[in-house]
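Close look at the chain arrangement
The residues making up each chain are set out below.
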Amino acid sequence: MKRSWKDKNKDRDTLDMTEGSPTKVLLIFAVPIILSNIFQQLYNIIDSLIVGNYLGADALAAVGSVGTITAVIIQLASGLSLGASVVIAQYFGAGKKEEIRVCMTTISIFAVGLGIAVTALAQIFAGNILLLIKTPAEIMEGSIDYLTIYLWGSAAIFLYNALNAVFIALGDSRTPLYFLLLAFFLNVAGDLFFIIACSMGVGGGALATTLSQAVCTVLSLIVLERKMRRIGMGKAERMFDRTEFARMMRIAVPAALQQSVVSIGNVCVQTVTNSFGPAVMAGCSAANKAVNLVSTVPINWGNALSNFVGQNVGAGKMERIPEGVKSSLMVTGAVSAVMIAVLELMPEQIISWFVNGEDAAEVIAVGSSYLRVVGLFLAVFSGYMIIKAVFKGAGDMNWFVGVTLSSLGVRVLCAFLLAPVFGKAILWWSVAAGWCVSTVPTVVHYLGGKWKMHRLIT
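Residues numbered from 1 in each chain as written. Predicted model: local features only at pLDDT ≥ 70, side-chain atom pairs only at ≥ 80, totals over all residues. Heavy atoms only, no water.

1. Digging into the overall build of the protein chain
Threshold: Each helix is a run of DSSP H or I of at least 4 residues and each strand a run of E of at least 2, with the numbering of both proceeding from the N terminus. Atoms considered for the radius of gyration are the C-alpha atoms alone. The globule rule reads 2.2 Å times the number of residues to the power 0.38. Burial status follows relative accessibility: with a 1.4 Å probe on protein chains alone, a residue under 20% of its type maximum counts as buried, one over 50% as exposed, and anything between as partly exposed. What makes two residues a contact is simply this: any of their non-hydrogen atoms within 4.5 Å. Here, Shrake-Rupley sampling with a 1.4 Å probe gives the accessible areas, and only protein chains in the shown set may cover a residue. By the counting rule applied here, Lys and Arg register as positive and Asp and Glu as negative, while His and the ends of each chain are not counted. All charge positions are set by atom: Lys at NZ, Arg at CZ, Asp at CG, Glu at CD.
Looking only at helices and strands, the protein chain features 17 helices and 0 strands. In terms of overall dimensions, the protein chain is globule-like: its C-alpha atoms have a radius of gyration of 21 Å, near the 23 Å expected for 458 residues. Along the three orthogonal principal directions, the C-alpha set of the protein chain runs to about 75 × 45 × 30 Å. Relative to its full complement of 458 residues, the protein chain shows a buried share of 58%. For the protein chain, long-range pairs separated by at least 24 residues make up 84% of all intrachain contacts whose partners lie at least 6 apart in sequence. Accessible area of the protein chain: about 18000 Å², with a carbon and sulfur share of 67%. Taken as two groups, the 33 positive and 26 negative side-chain charges of the protein chain have centres that lie 12 Å from each other.

Next comes the structure, spelled out in structure tokens:
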């Protein structure tokens, strides 16, 4: 029997998840994705460690306040790239390489154009946005510096996410890991140079992140282009295909809106957080960095599962999906149990990594309380992320978006309505409440099976 183009190239360039043990292929595919995100989190944490320890609590609060805004941009880029990832994964499962090539060039062109527009708008409205979320006057200057410099690289952010989505959809999770490792070391070196050696303040941290992202984006484009040619995907007949663009946008637009709304919701919560002053802002910022790190496994295993689902939906092998879900729940549940123990036993030590000095005591107290509460519900969060990842891979975006926004809605309502009554503790209890409320309909919809009817390609 003649081997397909996938079979000929899978050992070297791709991972075909429509064959073999679902547990094994998910493990091979998920681990590099998880490590990539860990290093991404680490270089964000390095920013906070250097800023907090060398520039003080006010500078850390400035970075934390801006972080909710930059997250909107990152999530918008990630959501738009999701459309390419799901469609390409399904094309890969079906063995349609010409369509994959056109999807790559189409999403890349769109990403660059949108990134340039975001950069222009951000430079004009940065100050107004920070005023809107009630950024305290004492950290306003640092916040503006960080935000404007960081968003110089918006085009690189959007293009990098698009290219990363193509790598992942083709089953290549190792190459993005290599670029994240490079970005990590470039960012650390840049932080030390710009913040400490050049005394640039918080803007130096933003510049380090922007430059490291730009370097990795250019290298990603070069490597992906070579990969496409090596596996038989020559120059695209059409650089921008409106039909494929529309197909990707069916996933991308709701995903981008959902992720942007989530980030905007986080900005709303940040507004409430800001009302409690710099110490609470810094404590929540440090705790969020830690929570983001320990939740890396369920989030990114879920991303791997989405591509597993996408490839198998494209190949018409629906029977493989439940086994993949079962193994995913077991792995992420075990990891979450370990992370719960860490957050419950040593929260003060974790937060103390981010800040020191005379004003550190209140920051550590706030951050520790945050970690203890949120840590208790990590297992619930893991199950929620794994199950809803199935909807994304299958193309069932209505439910994927719906359960995500329900979690956000609970968090925002709790923060706005209850924080004035019960105080700052509601800021972290609202996170747990959002997870718990959204998990129930997520599980019910998965067991109902209607998500199986949302295949995107023909």
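Next, the rest of the story.
2. Brief notes about helix α3 (residues 57–94)
Note the cut-off: One less than the number of residues in a helix, times 1.5 Å, gives the span that helix is expected to have. Here the bend at each residue means the angle between axes fitted to two seven-residue stretches, the one ending at that residue and the one beginning there.
For α3, spanning 38 residues, the distance from its first C-alpha to its last is 53 Å, which sits close to the expected 56 Å at 1.5 Å a residue. Taken as a whole, α3 carries its principal kink of about 30 degrees at Thr 68. Extensive coverage of α3 is indicated by the burial of 30 of its 38 residues.

3. Observations concerning the packing of aromatic side chains
For clarity, the cut-off: Classification of ring pairs rests on two measures: the distance between centres of Phe, Tyr or Trp rings, Trp counted by its six-membered ring, which must be within 6.5 Å, and the angle between planes, read as stacked under 30 degrees, edge-to-face over 60 and tilted in between. Lysine NZ or arginine CZ positioned within 6 Å of the ring centre and within 35 degrees of the ring normal marks a charge as sitting over the ring.
Throughout the structure, instances matching the rule amount to 9 aromatic pairs. Summarising the aromatic geometry, the rings of Phe 377 and Trp 429 are spaced 6.3 Å apart at their centres and angled 75 degrees between planes, so their arrangement reads as edge-to-face. Residue Phe 377 is found in the loop between α14 (360–375) and α15 (378–394), and its partner Trp 429 is found in helix α17 (residues 426–448); the two are separated by 52 residues along the sequence. For the pair Phe 381 and Trp 435, a centre-to-centre distance of 4.6 Å together with 40 degrees between the ring planes defines the contact as tilted. Taken together, the positions of Phe 381 in helix α15 and Trp 435 in helix α17 put the pair 54 residues apart, joining distant regions of the chain. Here the basic side chain of Lys 388 rests over the ring of Phe 400, its NZ or CZ set 5.1 Å away from the ring centre.

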